[in-house]
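# Structural features, examined
One letter stands for each residue in the lines below.
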Amino acid sequence: MKLFARLSPCRAVASAMVGVVVSVFACFTIGVGTAQAQVSLDLRDADLRSFVEIVSENTGRSFVVDPAVRGNVTVLAPNQLTADELYEVFLSVLELNRLTVIEGAGADRIVQMNTARELSSGDASGVSSGYETRVIPVRHVPLQEVIEVVRPLLPSEAVITPVPGANLLILSDRGANHARITRLIKRLDQPRQADPIEMIQLQNAQAGDVMQVVQSMGIVPDGASVSIDRRSNALLVSGPDEMRQRVRLLASRLDTQRESVSSRTIALNYADAAAIADVVLRTVNASGDAAQAKVRIVPEPQTNTLLVFAPQDRMSEIVRIVKYLDQRPTQVLVEAVIFEMTVDGFSDLSVQFAAVLNDALVGGVQFALPGRTSLINLVSAVSNGNAPDLGPAGVLGGSTYNSSTGNGIAGLITAIASVNSTRLLSTPSILTLNNQEAEIVVAQNVPFVTGSYTSTGDGSNPENPFQTIERQDVGLTLNVTPQINADRTVRMVIKQEVSNLTNSTSTSGGEITARRALSTTALVRDGNVIMLGGLLEDGSGAVNQRVPGISNLPVVGGLFRGKNSTKNQRVLLVLLRPQVVSNDAEARRITKNLTDKAYATSASIQPLDEGGYPRADQRLLPYDGADLNQPFDAGFIDALAQSRNFPPLPSRLRFNGN
């Protein structure tokens, strides 16, 4: 049977400073063999020292309060608290006010946290809630790593100090924090897996010298190690991956024998050995390093090979440069269309007549117009008894002539209209390497007399006569130098010329040639067409001769007039299209297209074979779509020699069974 009794309030504390009434009700529950006090708290701006007294009376603890401890507290606990629960609330109130309890043998001290570490008893027996200083051993993890993790979790008043020689941590903090921090350190202080051991073999440098350099650089962290194996001249490295990679890189740079010179032959596939040797030498020697003076590159033109003599550490760089420069060059196919058409027209109408007295012209009309015969030539031929040459086109001439007296009348009417037309269409194509000049010439090599000399000597016959002759190409000339850019545009330096003979001579002698030429630099995209020359000439001229006055008479005046007129037109058109050929597939495609066009062109100009004598031989292009990679046709060999096997001949190339 238990007896419960409600007691009157133990103490009423009045705070004169703030005028707040604090009521504390202490209730005691008395049982058989047990006694436990329960307290209900209702403190509002109560003095802190009064709250310490309440806790002391209800928990049975003795407290020594530091004179610097001041302040008011508010604690509202409507539910009843046991003595242990009251003490936990008390510790929380002290912590909020930056205070702590230092437990002692007879009495506990209440002091400020910033001075607690100086007064800590250091007694770690049991679990305490006061301010303590404890020693925490660390076995596997570096102390600095533990401090970097724990420091942000501690209050500002807590102090943690490492002891590197003994692998210890000294922590001054509240007892509750001690338990939390100690558990965290135990979880961090776990044995790590053993770092792998790597052997770095050295070829030229001594392992001891390299190890001294590595250690002096300070790249070996705590827990890692670098040692040497003198038997194999190697470094033994144990530690994190990053550290081992840095040691490996440093050792590779130190393990270089710069004084050794090696030789190597590099066979080139596309580039010219002499050009590549000059470029590589200028590139290597550009740095001005004294070691580069030992680099020698000798081109061997017969096999297109480079002989390289260089230090071992520079050889790989030189080989890399040569391989980059020795790439398959890109080609350019330049197709041109050159069209020229010339039309020359001439017309003439004139009347000439005269009286002849004593074989001489004594009166009449005569015109000196080019392109037809004259009246004098007609009269001279008649008087001499020769057949007169009346000239081309429509000519009507006549005369009455008495050979005994030499008198008569002669007349001549000429009418002519002529048109000379010339059409020239050329489609040259030329394939060249990138940045290489190419030229195609389709012309006649015509001799022109540039001088002559005759030595008469003592007699009337010349001695040692001679002439100087210069030969010049008259026809079509196309010169082009392409440069392929990164965006597949082609920069072309173009020189193009078209010339022909005019079938007329100059007054100083020699035939006159007509020449049309252009020289330019153009930028064209791959496959596009540009027009470089588009020339249209339209000229006309007239010569009119007449007898003044009488030529104006109607009807009769036409007998006293002579006129001729000329008219000419010329059109010159030049088109160019570059095509970039990067690989064999593009080359085969373009070759097939061009040969197909050539085959169609040869078929269109093939003469018709009517079956009669003489027969027209079929001379088509021997390609109609079959593979070009075959032996050349032996069709030029005499058929009789083939039939008689005089010597054995290769078989003829067949296309599609023909």
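You'll find the structure just up there.
Computed from a predicted structure; not experimentally measured.

Cut-offs and rules
Position numbers for residues start from 1 in each chain and track the written sequence from start to end. Restriction of local features to residues with pLDDT of at least 70 applies here, the model being predicted, together with a cutoff of 80 or more for giving and counting side-chain atom pairs; totals for whole chains, interfaces and linings are based on all residues. The side-chain quantities take in all heavy atoms of the structure and omit both hydrogens and water. Only one rule defines a salt bridge in this text: a Lys or Arg side-chain nitrogen within 4 Å of an Asp or Glu carboxyl oxygen. Each helix is a run of DSSP H or I of at least 4 residues and each strand a run of E of at least 2, with the numbering of both proceeding from the N terminus. Axis definition: a line fit to C-alpha positions, over the contact stretch in the case of helices; interaxial angles, taken between N-to-C directions, run 0 to 180 degrees. By the definition adopted for this analysis, an angle is roughly parallel if under 35 degrees, roughly antiparallel if over 145, roughly perpendicular if from 65 to 115, and oblique otherwise. Left-handed describes a crossing whose near helix is turned anticlockwise from the far helix by less than a right angle; the clockwise case is right-handed. Here, residues are in contact when the closest pair of their heavy atoms is within 4.5 Å. Ten residues, namely Ala, Val, Leu, Ile, Met, Phe, Trp, Tyr, Cys and Pro, are considered nonpolar, four, namely Asp, Glu, Lys and Arg, are considered charged, and the remaining ones, Gly among them, are considered polar. Strands pair, by our definition, only if DSSP identifies at least two bridges between them. A helix is expected to reach a length of 1.5 Å times the quantity of its residues less one. The cut-offs for exposure are 20% and 50% of the maximum accessible area for each residue type, with area from a 1.4 Å probe on protein chains only; residues under the lower value are buried, those over the upper are exposed, and the others partly exposed. Directions drawn from the helix axis to the C-beta atoms are what define this arc. Contacts described as polar in this section are N or O atom pairs within 3.5 Å, which, within protein, must combine one atom able to donate a hydrogen with one able to accept it, while residues neighboring in sequence count only if both atoms come from side chains. Ring geometry is summarised as follows: Phe, Tyr and Trp rings, the Trp one being its six-membered ring, pair when their centres sit within 6.5 Å, and such pairs are stacked at plane angles under 30 degrees, edge-to-face over 60 and tilted between the two. A ring is considered to have a charge above it if a Lys NZ or an Arg CZ atom is located within 6 Å of its centre and within 35 degrees of its normal.

### Regarding the pattern of salt bridges
When their charged atoms lie close together, side chains carrying opposite charge are able to pair. Going through the model one piece at a time under the given rule, you end up with 11 salt bridges. A salt bridge links aspartate 526 to arginine 488; the nearest nitrogen and oxygen atoms lie 2.8 Å apart. A residue pair is termed long-range when its members are at least 10 positions apart, and aspartate 526 in the loop between strand 26 (511–525) and strand 27 (530–546) and arginine 488 in the loop between strand 24 (463–484) and strand 25 (489–505) qualify at 38 residues. Put simply, Glu198, Asp241, Arg244 and Arg248 are held in one network by salt bridges that share partners.

### Some remarks on the packing of helix 8 (residues 273–284) against helix 9 (residues 312–325)
The contact between helix 8 and helix 9 brings their axes to 11 Å, and the two run at 135°. Classed by the angle they form, the pair helix 8 and helix 9 counts as oblique. You can see that helix 8 and helix 9 cross each other, and the crossing is right-handed. Contact residues: helix 8 offers Ile276, Val279, Val280, Thr283 and Val284, while helix 9 offers Arg314, Ile318, Ile321, Val322 and Leu325. Its residues placed into classes, the contact of helix 8 with helix 9 shows eight nonpolar, one polar and one charged.

### So, the sheet that holds strand 17 (residues 305–311)
Taken in spatial order, the three strands make up an open sheet running 15-17-16, and their pairing is antiparallel. A strand with exactly one partner marks an edge of an open sheet, and here the two such strands are strand 15 (261–267) and strand 16 (296–300). The sheet shows a mean angle of 15° between the axes of neighbouring strands, taken without regard to direction. Here strand 15 pairs with strand 17 via seven bridges, running antiparallel.

### Quick look at helix 11 (residues 584–604)
Here helix 11 contains 21 residues, and its C-alpha end-to-end distance of 30 Å stays within 8% of the 30 Å for a straight helix at 1.5 Å per residue. Looking at helix 11, one finds that the buried residues are Glu586, Ile590, Thr595 and Ser602. Viewed along the axis of helix 11, the buried residues span an arc of 150°, placing them on a single side of the element. Of the exposed residues in helix 11, the ones pointing more than 90 degrees away from its buried face are Arg588 and Ser604. The residue sitting at the N-terminus of helix 11 and contributing the capping side-chain oxygen is asparagine 583; that oxygen lies 3.2 Å from the backbone nitrogen of alanine 585.

### Regarding the side chain of serine 172
Residue position: serine 172 is located in strand 11 (residues 168–174). Given a relative accessible area of 8%, serine 172 falls into the buried group. In this structure the side chain of serine 172 is engaged in a polar contact, spanning 2.7 Å, whose partner is the side chain of threonine 133.

### Thoughts on the sheet that holds strand 11
Spatially, three strands are ordered 9-11-10 in an open sheet, and the strand pairing comes out antiparallel. Unpaired on one side and paired on the other, strand 9 (131–137) and strand 10 (159–163) mark the two borders of the sheet. Strand-to-strand twist in this sheet, taken as the mean axis angle between neighbours without regard to direction, amounts to 15°. Bridge count between strand 10 and strand 11: five bridges; the pairing is antiparallel. Paired with proline 162 across the bridge in strand 11 is leucine 169.

### Regarding the packing of helix 6 (residues 207–216) against helix 7 (residues 241–254)
In contact at an axis separation of 10 Å, helix 6 and helix 7 are set at 130° when each is read in the N-to-C sense. Here helix 7 runs oblique to helix 6, going by the angle between their axes. Crossing of helix 6 over helix 7 shows right-handed handedness. On helix 7, the residues touching Val210, Val213 and Val214 of helix 6 are Val247, Leu250, Ala251 and Leu254. Of the residues belonging to the contact of helix 6 with helix 7, the class tally is seven nonpolar, no polar and no charged.

### A look at the packing of aromatic side chains
Applying the stated criterion across every chain yields a total of three aromatic pairs. Ring plane angle 55° and centroid distance 5.7 Å describe the contact between phenylalanine 51 and phenylalanine 90, whose orientation is recorded as tilted. Of this pair, phenylalanine 51 sits in helix 1 (residues 48–59) while phenylalanine 90 sits in helix 2 (residues 83–96); the two residues are 39 residues apart in sequence, bridging distant segments of the chain. Pair check on accessibility: phenylalanine 51 and phenylalanine 90 agree, each one buried. Each ring, one from phenylalanine 63 and one from phenylalanine 90, has its centre 5.3 Å from the other, and the planes form 50°; the classification is tilted. With a gap of 27 residues between them, phenylalanine 63 in strand 5 (residues 63–65) and phenylalanine 90 in helix 2 connect regions that are remote in the sequence. A single burial state applies to phenylalanine 63 and to phenylalanine 90, both of which are buried. Put simply, the rings of Phe51, Phe63, Tyr87 and Phe90 pair up and form one aromatic cluster. The ring centre of phenylalanine 309 lies 5.7 Å from the NZ or CZ of arginine 296, which sits over that ring.

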